[in-house]
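Descriptive analysis of the structure
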Amino acid sequence: MTKLPSFGRMPWLPGTFLVTLAAMIIALVFATDQFHTVLSIGTLIVLGIGGGMVTYSYTRNQRKKQKAAQFASADYYASANPFDVTETFPALSPRSKPTSWPRIKAFMRAAPLLGVGIAFAVQPHLGETFFQGKPADSTQTTVAASIFAAGYALGLIWRPYELRPTRLAWTRWTAMVVIITEWFTLLMLFTSLFNGTYPSAIAPILLALAPLVPILIVAVELTRRRLLAEYRGQTLSGPDTKPGRMRALWRSGGARLVVFALGLVGLAVYMALAAPTLHGPSTVVRLWPIVLAVGCALIPRGADVEAQNTLS
């Protein structure tokens, strides 16, 4: 059975935040005096904003090439046989994917890097706040953290990166593991910014809600596959069993993803309501995603031939 299309599309480029984390650590180690502090933070800002602009430009050029390939059939070549009629034949171009909203897609692809660069331009000492695990001490820090989180949230919601079909399956799963690790790390860092105000909860809420779109898309694809298999009679549910969406959702494993999405919504609601009482790292906020992930992994589902080959 073919692979899920969603697994061919990655949120942001896997490893982007891990590289950013390493850059923040290097900047803190290198910042031994005022000159080195300005140099390291300036380099981080330039790499963030500059890398985002380069990514945006590269993506826009790629979209233009894809769009141009759709109209490449206007090119002609002459027949190689001298006895043929003196007409030309159109050169058929390979099929390319539609390029709707190219500027928005290019911006979403560059959003994580732009968010990092702009955040450190607003608050140069944002890295110290993260690694010291202390609450946000100013409005400037809260705004910078919100911009930082918004960049990665936009990249995760839009999911603009696409792996080539020739990539092996283990590379896709490795990329997904890296992305999940980055998301957990981001959430853990940003939950230390609570200072008893509502604005300090904006960044963690953005990160908690960002995975909803890709999670629900994968759940819909799993359910649709299972439902089509039921209509074709490829499941072992019984000859008299009628196809049903809820049964397909449960048997395909998509119910686990829906439960996880609902748990993230509950986490965001909790942070929004309890923001005035949260100061510094919250044990509930940090443990809930881990407990939720383990609980969803333990949710059983019906086992049959089609369900076992869903992700193959």
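To keep things clear, this report deals only with the structure shown in the data block. Nothing here was measured: the structure is a model prediction, and the numbers come from that model. (Residues numbered from 1 in each chain as written. Predicted model: local features only at pLDDT ≥ 70, side-chain atom pairs only at ≥ 80, totals over all residues. Heavy atoms only, no water.)

1. A look at the overall build of the chain
In plain terms, the rule: Think of it this way: any DSSP run of H or I at least four residues long counts as a helix, any run of E at least two long counts as a strand, and we number them from the N terminus. Relative accessibility decides the category of a residue: with a 1.4 Å probe and only protein chains considered, values under 20% of the type maximum give buried, values over 50% give exposed, and everything between is partly exposed. For this analysis, residues touch if any pair of their heavy atoms sits within 4.5 Å. To be clear on the numbers: accessible area is Shrake-Rupley with a 1.4 Å probe, and residue cover counts the displayed protein chains and nothing else.
Counting secondary structure elements, the chain contains 12 helices and four strands. Counting all 312 residues of the chain, 40% fall into the buried class. Pairs at least 24 residues apart make up 78% of the contacts formed inside the chain by residues separated by at least 6 positions. Only carbon and sulfur atoms are counted for the fraction: they give 68% of the accessible area of the chain, which is about 17,100 Å².

2. A word on the environment of Leu209
Tracing the chain through its elements places Leu209 in helix α7 (residues 202-209). Sequence-wise, Leu209 and Leu156 are 53 residues apart; in three dimensions their C-alpha atoms are separated by 9.8 Å. Leave out the neighbours within four places in its chain, and Leu209 touches Leu264, Val265 and Ala268.

3. Considering a nonpolar patch on the surface
Note the following rule: Only residues above 30% relative accessible area that lack a salt bridge enter a patch, with like-charged residues linked at up to 9 Å and the nonpolar side chains Val, Leu, Ile, Met, Phe, Trp and Tyr linked at up to 5 Å. We define a salt bridge as a side-chain nitrogen of Lys or Arg found within 4 Å of a carboxyl oxygen belonging to Asp or Glu.
A cluster of nonpolar side chains, namely Leu287, Trp288, Ile290, Val291, Val294 and Leu298, defines an oily patch on the protein surface of about 580 Å² accessible area. Structurally, the position occupied by Val294 is in helix α11 (residues 283-297). Classification of Val294 by relative accessible area gives partly exposed; the value is 47%.

4. Comments concerning helix α8 (residues 212-231)
What counts is decided by this rule: One less than the number of residues in a helix, times 1.5 Å, gives the span that helix is expected to have.
Its 20 residues place the ends of α8 28 Å apart at the C-alpha level, agreeing with the 28 Å of an ideal helix rising 1.5 Å per residue. The positive-phi residue at the C-terminal boundary of α8 is Gly233, with phi of around 75°.

5. Considerations on the packing of aromatic side chains
Here is the rule we go by: Note on aromatic pairs: the rings of Phe, Tyr and Trp (six-membered ring only in Trp) are paired at centre separations within 6.5 Å, and the planes decide the class, stacked below 30 degrees, edge-to-face beyond 60, tilted for the rest.
Scanning the model with the defined rule gives 10 aromatic pairs in all. Relative to Tyr152, the ring of Phe17 has its centre 5.7 Å away and its plane inclined at 90°; by these criteria the two rings are edge-to-face. Pair noted here: Phe17 is in helix α1 (residues 16-30) and Tyr152 is in helix α5 (residues 139-158), with a separation of 135 residues, a long-range link. Tyr152 sits in the buried class, given a relative accessible area of 1%.

6. Description of the nonpolar core
To be explicit about the condition: Only buried residues count toward a nonpolar core, which is a set of Ala, Val, Leu, Ile, Met, Phe, Trp, Tyr and Cys residues joined through side-chain atoms within 4.5 Å.
Among the nonpolar cores identified, the biggest contains 49 residues, and Phe120, Leu126, Phe130, Phe148, Leu186 and Phe190 are the most heavily contacted of them. Ignoring sequence-local partners within four residues, the contact set of Phe148 consists of Phe17, Thr20, Gly115, Val116, Ala119, Phe120, Leu126, Phe130, Leu186 and Phe190. Within the second largest apolar cluster, five residues are counted, among which are Tyr161, Leu163, Ala175 and Ile179.

7. Here's the deal with the environment of Arg301
Within the element layout of this structure, Arg301 appears in the loop between α11 and α12 (305-308). Separated by 45 residues in the primary sequence, Arg301 and Arg256 have C-alpha atoms spaced 9.0 Å apart.

8. Quick word on the side chain of Arg60
With respect to the secondary-structure elements, Arg60 resides in helix α2 (residues 34-70). Residues contacting Arg60, with those up to four places away along its chain left out, are Pro102, Arg103 and Ala106.

9. Topic: the packing of α7 against helix α10 (residues 254-274)
A pair of packed helices is characterised by two quantities: the angle between their axes and the separation of those axes. Which entries qualify depends on this criterion: Structural elements are reduced to axes, namely lines fitted to C-alpha atoms, with helices fitted over the stretch in contact, and the angle between N-to-C directions of any two is expressed from 0 to 180 degrees. Orientation labels follow simple angle bins: below 35 degrees gives roughly parallel, above 145 gives roughly antiparallel, 65 to 115 gives roughly perpendicular, and whatever is left gives oblique.
Following both chains from N to C, one finds α7 and α10 inclined at 170°, their axes separated by 9 Å at the closest point. If you check the angle between α7 and α10, you find them roughly antiparallel. Contacts between α7 and α10 involve Pro204, Ile205, Ala208 and Leu209 on the former and, on the latter, Leu264, Val265, Leu267, Ala268, Met271 and Ala272.

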